[in-house]
Amino acid sequence: MDSVEKGSATSVSNPRGRPSRGRPPKLQRNSRGGQGRGVEKPPHLAALILARGGSKGIPLKNIKHLAGVPLIGWVLRAALDSGVFQSVWVSTDHDEIENVAKQFGAQVHRRSSEASKDSATSLDAIIEFLNYHNEVDIIGNIQATSPCLHPTDLQKVAEMIREEGYDSVFSVVRRHQFRWSEIQKGVREVTEPLNLNPAKRPRRQDWDGELYENGSFYFAKRHLIEMGYLQGGKMAYYEMRAEHSVDIDVDIDWPIAEQRVLRFGYFGKEKLKEIKLLVCNIDGCLTNGHIYVSGDQKEIISYDVKDAIGINLLKKSGIEVRLISERACSKQTLSSLKLDCKMEVSVSDKLAIVDEWRKEMGLCWKEVAYLGNEVSDEECLKRVGLSGVPADACSSAQKAVGYICKCNGGRGAIREFAEHIFLLMEKVNNSCQK
């Protein structure tokens, strides 16, 4: 995450030095942010996600997969689905981050080398962006490291800026933590309470707690930023729910962060439905794609026992599992795997077969999951409610899915995807009980 420079609410100093690029001529703006004269336009609110390629902690952390989705993809999905931004941008200096940003539907601003240095602040990068985008009146600086951000949070903040007249709004989380002063040799030899009376320690339910910045987002009007501030003017905070306040910079344990995201993250506009059918491509998903031929010309394939266990767990939970292949696999060979799954081979149109199975079971597409790895799987991956690919799937298949496994095909990808399904189904069941 780029470091955030926090401004003061009470004083204004000279703006920080400009980036090395020259600034394009400023267009004449009316009082509401429209350019030129005539009909007034509403102020242009732009989401801006800062994502440098250089991360000293985790290389290319911003696009590392978290719960099967590039980290930056979680906030981009929330920003785009919120519907409150006239434009959504990613400011980066790295080609791979640019590709991922465009894949999710964002526009890309290629930042300068000056604004990409370790010493550069978020404010430096934001000012550089504004130098090249005179149409923007308000910036919603969203941190790429906040994967549990929801569109409703952004919608409420946009309303505070546009309707309630705030100049800047930033996110906070409420914490119930007692603070103590630091012991310093020769200065302070004993500690003292800072926010409690030890003789009357309050119960959690009797104490409102305190508000802390969680770094999820900082909204500010252009004039503040141009004076060198992200917080100032008529200021307000927006309190996020504690379960949505996940910061990867703090949650160093990536698996723990993944569990939080799977439980509390935002997965899209359409509500998740309970999965009733999983269709899995045989070649490259159940197997690693390698085919062995015996001396008597019989085909031999191998699979991972973990995947067989995953299939059995799915079936025990009431999820039908079916196998599909465009290749003329030997059904006799596949039946010897004793997976007890219905299968279809020599398939030229996988979508047609999956659609046939769906109708046969009386399911909607949202109740179908698909694990594929090839170009021939793309249409199925795009159509189903839950899609996944192994880590070594082709690039076009990876672009079509919502979950990319850590495991390769034939090396535990099915078991991993099964675990993902179980976690999401727990999320569905919990939401139904509320």
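Below, the structure is looked at part by part. This is a predicted model, so every value here is computed, not measured.

How each quantity is defined
All residue numbers refer to positions counted from 1 along the written sequence of the respective chain. Totals for whole chains, interfaces and linings use all residues, but because this is a predicted model, local features are given only for residues with pLDDT of at least 70 and pairs of side-chain atoms are given and counted only at 80 or more. Think of the side-chain values as coming from all heavy atoms in the structure, minus any hydrogens and water. Patches here are clusters of residues that have more than 30% relative accessible area and form no salt bridge, with a 9 Å joining cutoff for like charges and a 5 Å cutoff for nonpolar side chains (Val, Leu, Ile, Met, Phe, Trp, Tyr). Here the accessible surface of atoms and residues is derived via Shrake-Rupley with a 1.4 Å probe, and residues count as covered only by protein chains that are part of the display. Here, a salt bridge means any side-chain nitrogen of Lys or Arg that lies within 4 Å of a carboxyl oxygen of Asp or Glu. Runs of E in the DSSP output that reach at least two residues are strands. Runs of H or I that reach at least four are helices, and both are numbered from the N terminus. Only protein chains enter the accessibility calculation, which uses a 1.4 Å probe; a residue is then buried when its area is under 20% of its type maximum, exposed when over 50%, and partly exposed in between. The pairing criterion for strands is at least two bridges between them, as found by DSSP. The contact criterion used throughout is that any non-hydrogen atoms of two residues lie within 4.5 Å. To obtain each axis, a line is fitted to C-alpha atoms, and for helices this fit is confined to the stretch in contact; angles are then taken between N-to-C directions over 0 to 180 degrees. One fewer than the residue count of a helix, multiplied by 1.5 Å, yields its expected span. The set of buried Ala, Val, Leu, Ile, Met, Phe, Trp, Tyr and Cys residues whose side-chain atoms join them within 4.5 Å is what this entry labels a nonpolar core.

### Let's talk about a nonpolar patch on the surface
Among the surface-exposed residues, Val305, Ile309 and Leu313 lie close enough to one another that they form a single nonpolar patch of about 230 Å² accessible area. Relative to the helices and strands, leucine 313 resides in helix H8 (residues 305–316). Under the relative-accessibility criterion, leucine 313 is labelled partly exposed at 31%.

### A look at the sheet that holds strand S15 (residues 368–371)
With parallel pairing, the six strands of this open sheet are ordered in space as S14-S13-S10-S15-S16-S17. Pairing within the sheet leaves two strands with one partner each, and these edge strands are strand S14 (342–344) and strand S17 (403–404). Note that strand S10 (residues 277–281) and S15 share four bridges and pair parallel. Opposite cysteine 280, over in S15, you have leucine 371 as the bridge partner. The sheet contacts of helix H10 (residues 350–361) involve S10, strand S13 (320–324), S14 and S15, and relative to S13 the element is tilted by about 155°.

### Here we look at the pairing of strand S6 (residues 138–142)
The buried count for S6 comes to five of five residues, which makes it a mostly enclosed element. Neither face of S6 is exposed, since Ile138, Gly140 and Ile142 on one face and Ile139 and Asn141 on the opposite face are all buried. Of the pairings in the sheet, the one linking strand S1 (residues 45–50) to S6 comprises five bridges and is parallel in character. The partner of alanine 47 across the bridge, within S6, is glycine 140. Judged from the five bridges that link them, S6 and strand S8 (residues 210–221) form a sheet pairing that is antiparallel. Across the sheet, asparagine 141 pairs through a bridge with tyrosine 218, a residue of S8.

### Focus: helix H4 (residues 151–162)
Between its first and last C-alpha, H4 extends 16 Å over 12 residues, near the 16 Å set by a 1.5 Å rise per residue. Looking at H4, one finds that the buried residues are Pro151, Asp153, Leu154, Val157, Ala158, Met160 and Ile161. Tucked into the core, H4 has its buried residues touching S1, helix H1 (71–82), S6, strand S7 (168–175), S8 and strand S9 (235–239).

### Focus on the nonpolar core
By size, the foremost hydrophobic cluster in this structure holds 43 residues, and its most contacted members are Leu66, Leu278, Leu323, Leu371, Phe417 and Ile421. At the level of elements, H1, helix H6 (254–264), S10, helix H7 (282–286), H8, S13, S15 and helix H13 (413–433) are the ones that each hand at least two residues to this core. Here this core takes nine residues from H13, the largest share from any one element. Apart from residues lying up to four places away in sequence, phenylalanine 417 is in contact with Leu278, Ala369, Tyr370, Leu371, Leu386, Ser387, Gly388, Tyr403 and Cys405. Within the second largest apolar cluster, 37 residues are counted, among which are Ala51, Ile72, Val157 and Met160.

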